[in-house]
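Here is how the chains run, residue by residue.
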Amino acid sequence: MPELPEVETVRRGLERWAVGRTIAEVEVRGPRTVRRHAAGPDDFAARLRGRRIEAACRRGKYLWLALDDDGYLLAHLGMSGQFLAVAAESEDPKHLRARFRFRDDGPELRFVDQRTFGGLALDSGLDAGEGTIPAAVAHIALDPLDEAFDDGGFADRLRSRRTGIKRALLDQTLISGIGNIYADEALWRARMHYARGSDTLRRADVVALLAAVREVLLAAIGAGGTSFDALYVAVNGESGYFDRSLEVYGREGEPCSRCGAAIRREAFMNRSSYRCPRCQRVPKAPRW
DNA sequence: CCTAACTCCTGCATGC
DNA sequence: TGCATGCAGGAGTTAG
């Protein structure tokens, strides 16, 4: 599932394959993928025709392409969205949702999405202090790899919340880019249980947690992300290999690499959480 | 304002 | 074999 490392890998691919090119034609398959574009698929396609792509940007799990008319092509991959740069002659995949052709001889760009949680929209800019961003992204917190991320401010906000630590890590308005996989991996690295109350963390605990988050995100970016199946690949079609480095996620029953205890899978927030039962003990006052 | 449940969707694995 | 069920889950929306 695309989280920050996967989205960053895709962003780099868009930088390589889309930036500097001018759009000739856009084809949208069905209304769902552009459901966030209020004016509809035809307007979406018409406005993009002739636009030059100036930059590929990201905040958390949101991606956007800055256009030469000061607009933004905003994208979210959801659970299974992909951008693929491929020769126009190659066969259309089953879940093709949008196609971008350019005014050059290079490959076309396709947005493919099996589970349709992903989406595309055109948006206008908003001055957010740290620069202009698409208006629809304004409520998303900076991600922990952004140099403007405020560690102290995050600690304050986290500690003032009355929720569990994993819920907080998954809240994109508090810290962005973390999903189920990297939340579990970071909590394992920090030796914290997912149900620990966010208001029980001392500032030093938050420092350790942020360090663990950054370590795992950077390592995963270095591996090109995590590809469990064909649902996540880079823009050039390659899979990431961070799945080999996962310590707990998807490893139920396997020994913890630190202590040897069998990794446990538990239902939490209508999904699965993985943890080491010895390294990550249940807190005295868990907040499920 | 805060927190949490609900909802959208498709394909694959599992069980009877 | 076929059908029902469960599971994967990001984030906007709604409810309390």
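Above this text you will find the structure in question.
Calculation notes
Residues numbered from 1 in each chain as written. Chains lettered and ligands numbered in written order. Predicted model: local features only at pLDDT ≥ 70, side-chain atom pairs only at ≥ 80, totals over all residues. Heavy atoms only, no water. Helix = DSSP H or I, 4+ residues; strand = E, 2+ residues; numbered from the N terminus. Rg over C-alpha atoms; globule rule 2.2 N^0.38 Å. Buried < 20%, exposed > 50% of the residue type's maximum accessible area, 1.4 Å probe, protein only. Areas by Shrake-Rupley, 256 points an atom, 1.4 Å probe, with all protein chains shown as cover. Lys, Arg positive; Asp, Glu negative; His and termini not counted. Charge placed at Lys NZ, Arg CZ, Asp CG, Glu CD. Near = heavy atom within 4 Å. Polar contact = N/O pair within 3.5 Å; in protein donor to acceptor, adjacent residues only side chain to side chain. Nonpolar A, V, L, I, M, F, W, Y, C, P; charged D, E, K, R; others polar. Contact = heavy atoms within 4.5 Å. Salt bridge = Lys/Arg side-chain N within 4 Å of Asp/Glu carboxyl O. Expected span 1.5 Å × (residues − 1). Core = buried A, V, L, I, M, F, W, Y, C linked by side-chain atoms within 4.5 Å. 1 Å grid on protein atoms, 1.4 Å probe; cavity = no way out; pocket = protein on both sides within 12 Å on 5 of 7 lines; lining within 4 Å. Points joined across faces, edges and corners; volume = space filled by probe spheres on them.

J.: Help me get a handle on the overall build of chain A, residues and values and all.
T.: The helix and strand tally for chain A stands at six helices and eleven strands. The globule rule puts the C-alpha radius of gyration for 288 residues at 19 Å, and the 20 Å found for chain A is close to it. Projecting the C-alpha coordinates of chain A onto the three principal axes gives extents of approximately 60 × 40 × 30 Å. Sorting the 288 residues of chain A into buried and exposed places 52% on the buried side. Only carbon and sulfur atoms are counted for the fraction: they give 46% of the accessible area of chain A, which is about 13000 Å². Of the side chains in chain A, 45 bear a positive and 41 a negative charge, and the two mean positions are spaced by 8 Å.

J.: So what's going on with the protein's contact with DNA strand B? Residues and values would help.
T.: Taken together, Arg32, Lys94, His95, Gln114, Arg115, Thr116, Phe117, Arg161, Arg162, Thr163 and Arg167 are the residues near DNA strand B. Within 4 Å of the protein, the atoms of DNA strand B are drawn from sugar and phosphate moieties in a proportion of 74%. His95 is positioned such that a nitrogen or oxygen atom in its side chain is 2.9 Å from a phosphate oxygen of DNA strand B. The side chain of Thr163 places a nitrogen or oxygen atom 2.6 Å from a phosphate oxygen of DNA strand B. Split into classes, the residues belonging to the surface near DNA strand B amount to one nonpolar, four polar and six charged.

J.: Report on the environment of Gly240, specifying residues and quantitative values.
T.: Along the polypeptide, Gly240 turns up in the loop between α6 (203-222) and β10 (264-268). Between the alpha carbons of Gly240 and Ser227 there is a distance of 5.3 Å; along the sequence they are 13 residues apart. Excluding residues that lie within four positions of it along the chain, Gly240 makes contacts with Ala223, Gly224, Gly225, Ser227 and Tyr232.

J.: So what about the pattern of salt bridges? Which residues, and what values?
T.: Here the structure, examined in full by the defined rule, presents 30 salt bridges. Of the charged contacts in the structure, one is a salt bridge between Arg52 and Glu54, with a shortest N-O distance of 2.7 Å. The class of Arg52 is partly exposed, set by a relative accessible area of 34%. You can call Glu54 partly exposed: its relative accessible area is 38%. Across the pair Glu108 and Arg101 runs a salt bridge whose closest N-O atoms are separated by 3.4 Å. Taken together, the salt bridges that share partners define one network made up of Glu27, Arg29, Asp92, Arg99, Arg101, Glu108 and Arg110.

J.: So, the protein's contact with DNA strand C: which residues are in play, and what are the values?
T.: Around DNA strand C lies a shell of 17 residues, among which Tyr62, His76, Met79, Tyr249 and Ser272 are the nearest. For DNA strand C, the backbone portion of the atoms within 4 Å of the protein, that is sugar and phosphate, comes to 70%. Here a base nitrogen of DNA strand C and a side-chain polar atom of Arg115 are 3.0 Å apart. Measuring from a phosphate oxygen of DNA strand C, one finds a side-chain N or O atom of Arg271 at 3.3 Å.

J.: An account of helix α1 (residues 4-17) is needed here, citing residue identities and associated values.
T.: Here α1 contains 14 residues, and its C-alpha end-to-end distance of 20 Å stays within 8% of the 20 Å for a straight helix at 1.5 Å per residue. If you check which residues of α1 are buried, you get Leu4, Pro5, Glu6, Val7, Glu8, Thr9, Val10, Arg11, Gly13 and Leu14.

J.: Lay out the nonpolar core in plain terms, naming residues and giving numbers.
T.: Core analysis: the biggest nonpolar cluster contains 45 residues, and Phe154, Leu158 and Leu209 have the highest contact counts within it. Elements with a contribution of two residues or more to this core: α3 (151-160), α4 (165-170), α5 (180-189) and α6. Broken down by element, this core gets its largest block of residues, nine residues, from α6. Here Leu158 is in contact with Ile165, Ala168, Leu174, Ser198, Asp199, Leu201, Val206 and Leu209, once residues within four sequence places are set aside. Core analysis: the next-biggest nonpolar cluster, separate from the first, contains 30 residues, Val7, Val26, Ala56 and Phe83 among them.

J.: Lay out the layout of surface pockets in plain terms, naming residues and giving numbers.
T.: By volume, the largest pocket amounts to about 560 Å³. For the largest pocket, the lining is made up of 22 residues, of which Lys61, Met79, Gly179, Asn180 and Arg271 are closest to its centre. Mapped onto the lining of the largest pocket, the elements with two or more residues apiece are α5 and β11 (271-275). Residue composition of the lining of the largest pocket, grouped by class: eleven nonpolar, seven polar and four charged.

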